[in-house]
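# Coordinates in review
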Amino acid sequence: QCALHRGQVMQARGAWDEAVEELAAAIERYRLAGAFPAIGLAACELGDLYRLRGELARADAAYETSAEHGFAPQPGSALLWLARGSEAAALGAVRRLLVETRTAVARTRMLPGAVAVLIAVGDLDTARTCAGELDEHARSFGSEVLAARAAFVWGLVEVACDDPAGALPYLRRAHQAWVRLDLPYEAALAHAATGRALLALGDTESGRRTLASARQAFVAVGARPDVDAVDRVVGPPSRPAGLSEREVEVLRMVAAGQSNAQIAAGLVLSDRTVARHLSNIFTKIGVGSRTAAAAFAFERDAEALAITMNAPVLKPLTCSCPSRTRPSIRRRRR
């Protein structure tokens, strides 16, 4: 149980790479110990993470493992089917869950996913009913987490019902709560929805800035589908040499003179993960050392890197390489 909860905390705090490793290791330990029910829950959590990262085949396999060990991986499976374009399958699962799920605790876990599916298929009346029920559960439990979740869901429903002005108070309330609770992915979801509402109201500049901020948070945790969703609205920033978002962030920190240990601490990654990113960066840009990678950032793509990371081009902090770089963005972590 401790291993499972540690993985859950890692996910909540935005350390998704480490959460995947922790949950996979937990499943193996449970398997060796014969703790098969625990495998089902851990596999469902792992499937949710893979789905949020856009690794749909791995998510499907994890959900199948969860079901094989007696744990129903819902609403994760329904959201996976929705992501794959199987709206009918997703809606059928949600309608069954709404009838079958009885306890208040189980319904609070199911309702946000159900609302997402219902909005996607256009069943806004049922989505509004589910949002109202989640709000009632939040008040009954007195939970700040559930209250934030209910506010976010209400905001999504109002946007879907063509009332972006009505959505903004809910979305801002949710965003403030998630920031206060130090849950970066949930805060970014609320921020992105706020940006879309602002665009719908004609406040283009505020909407684009809000979406850019949310995008940066999605990149930081590795939420590829959410990054793509923002890019479909505002267009992707350019990146040099085919680098991924995370690789750009690592390269920028290398160019700022940070060691692997400092990068790992700043991005909440393991040293091994940072080393893997560096190896990929060296291959893509055709260099063999940190100094050459930093020179690449300074001399050839400094402006592109700054645009990608929404950071200004500044003078270097501590580096003997050419003259332009950016300091690392320091994130608040617990």
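Residues numbered from 1 in each chain as written. Predicted model: local features only at pLDDT ≥ 70, side-chain atom pairs only at ≥ 80, totals over all residues. Heavy atoms only, no water.

## What about the overall build of the protein chain?
This is how the line gets drawn: Each helix is a run of H or I in the DSSP string that is no shorter than four residues. Each strand is a run of E no shorter than two, and both are numbered from the N terminus. Only protein chains enter the accessibility calculation, which uses a 1.4 Å probe; a residue whose area is less than 20% of its type maximum is buried, one above 50% is exposed, and one in between is partly exposed.
A count of helices and strands for the protein chain gives 18 helices and zero strands. Every one of the 334 residues in the protein chain was classed for burial, and the buried ones make up 48%.

## Some details on the environment of R196
How we decide: Contacts were defined at the residue level, with two residues in contact if any of their heavy atoms lie within 4.5 Å.
Relative to the helices and strands, R196 resides in helix α11 (residues 184-200). In this structure, R196 is in contact with L211, A229, V230 and V233, ignoring residues within four places of it in sequence.

## Quick notes on the packing of helix α9 (residues 144-160) against helix α10 (residues 164-180)
Selection criterion: Only the stretch in contact is used when a helix axis is fitted, and all axes are lines through C-alpha atoms; the angle between N-to-C directions ranges over 0 to 180 degrees. Should an angle fall under 35 degrees it is taken as roughly parallel, and over 145 as roughly antiparallel, whereas 65 to 115 is taken as roughly perpendicular and any remaining angle as oblique. Handedness of each helix crossing follows the sense of rotation of the near helix against the far helix: counterclockwise by less than a right angle gives left-handed, clockwise gives right-handed.
Remark: α9 packs on α10, axes separated minimally by 8 Å, with the N-to-C direction vectors making an angle of 155°. Relative to α10, the element α9 lies roughly antiparallel. Remark: the crossing between α9 and α10 carries left-handed chirality. Contact residues: α9 offers E144, V145, A148, R149, A151, F152, W154, G155, L156, E158 and V159, while α10 offers P164, G166, A167, Y170, L171, R173, A174, A177, W178 and R180.

## Some remarks on the pattern of salt bridges
This is how the line gets drawn: Put simply, a salt bridge is a Lys or Arg side-chain nitrogen that is within 4 Å of an Asp or Glu carboxyl oxygen.
Within this structure, the stated rule accounts for 21 salt bridges. For E22, the salt bridge identified is with R29, shortest N-O distance 3.5 Å. Judged by its relative accessible area of 13%, E22 falls in the buried class. The exposure class assigned to R29 is partly exposed, which follows from its relative accessible area of 41%. Measuring nitrogen to oxygen at the nearest pair gives 3.0 Å for the salt bridge that ties R84 to D60. Here D60 lies in helix α4 (residues 56-68) and R84 lies in the loop between α5 (76-83) and α6 (87-100), a separation of 24 residues in the sequence.

## Topic: the side chain of Q11
Among the structural elements, Q11 can be located in helix α1 (residues 2-12). Contact partners of Q11, with chain neighbours within four places excluded, come to W16, A19, E45, L49 and L52.

## Describing the environment of Y50
Examined against the element boundaries, Y50 turns out to sit in helix α3 (residues 36-53). Along the backbone, Y50 and A223 are 173 residues apart, and their C-alpha atoms lie at a distance of 9.4 Å. Every residue in contact with Y50, bar those within four places of it in the chain, is listed here: V20, E55, R58, A59 and A62.

## Comments concerning the packing of aromatic side chains
Condition: Each Phe, Tyr or Trp ring, with Trp reduced to its six-membered ring, pairs with another whose centre is within 6.5 Å; inter-plane angles below 30 degrees give stacked pairs, above 60 give edge-to-face pairs, and intermediate values give tilted ones.
Taken as a whole and judged by the stated rule, the model has three aromatic pairs. Between W154 and Y170, the ring centres sit 6.0 Å apart and the planes meet at 25°, which makes this aromatic pair stacked. Separated by 16 residues along the polypeptide, W154 in helix α9 and Y170 in helix α10 bring together distant segments of the chain. Feature note: the residues W16, Y185 and F218 constitute an aromatic cluster, connected by ring pairs.

## What about the nonpolar core?
The line we're drawing: What is meant by a nonpolar core is a set of buried Ala, Val, Leu, Ile, Met, Phe, Trp, Tyr and Cys residues, joined one to another through side-chain atoms within 4.5 Å.
Membership of the largest hydrophobic core comes to 33 residues, with the highest contact counts inside it found for W16, Y30, Y185 and F218. Elements represented by at least two residues in this core include exactly α1, α2 (16-33), α3, α4, α11, α12 (204-221) and α13 (224-234). Per-element tally for this core: the top contributor is α3, with eight residues. Among residues more than four places away in sequence, those in contact with F218 are Y185, A188, L189, A192, A223, D226, V227 and V230.

## Description of the layout of surface pockets
Regions of empty space are outlined by a rolling probe, equal in size to a water molecule, passed over the atoms. This is how the line gets drawn: Of the two site types, the cavity is a set of points on a 1 Å grid over the protein atoms alone where a 1.4 Å probe fits but cannot get out, and the pocket is an open set with protein on both sides within 12 Å along at least five of seven lines, each lined by residues with an atom within 4 Å of a point. Grid points are joined across faces, edges and corners, and a volume is the space filled by probe spheres set on the points. For this classification, Asp, Glu, Lys and Arg are treated as charged, while Ala, Val, Leu, Ile, Met, Phe, Trp, Tyr, Cys and Pro are nonpolar and the rest, including Gly, are polar.
Each pocket or cavity is described by its volume, and for the largest pocket that value is around 2200 Å³. Around the largest pocket, the lining is made up of 47 residues, and of these R51, L52, L79, Y185 and L189 lie nearest the centre. Split into classes, the residues belonging to the lining of the largest pocket amount to 30 nonpolar, seven polar and ten charged.

## Re the confidence of the model for the protein chain
Put simply, the rule reads: Per-residue confidence from the prediction method is given by pLDDT, with values spanning 0 to 100.
Across the protein chain, the average pLDDT comes to 87, with 88% of residues at 70 or higher. Mean pLDDT across the elements of the protein chain ranges from a minimum in helix α18 (residues 302-308), with 44, to a maximum in α5, with 98. The low-confidence segment residues 301-334, where pLDDT is below 50, has 90 contacts with residues more than four positions distant or belonging to other chains.

## Quick word on α6
For the record, the criterion: Take the residue count of a helix, subtract one, and multiply by 1.5 Å to get its expected span. By construction, the arc corresponds to the directions joining the helix axis to the C-beta atoms.
Across its 14 residues, α6 extends 20 Å between first and last C-alpha, which sits within 8% of the 20 Å expected from 1.5 Å per residue. Of all the residues in α6, the buried ones are A90, L91, A93, V94, L97 and L98. Projected onto a plane normal to the axis of α6, the buried residues spread over an arc of 160° and lie on a single side. Projecting away from the buried face of α6 at angles above 90 degrees are the exposed residues A88 and V99. Considering only its buried residues, α6 is in contact with α5, α7 (104-121) and α8 (124-141).

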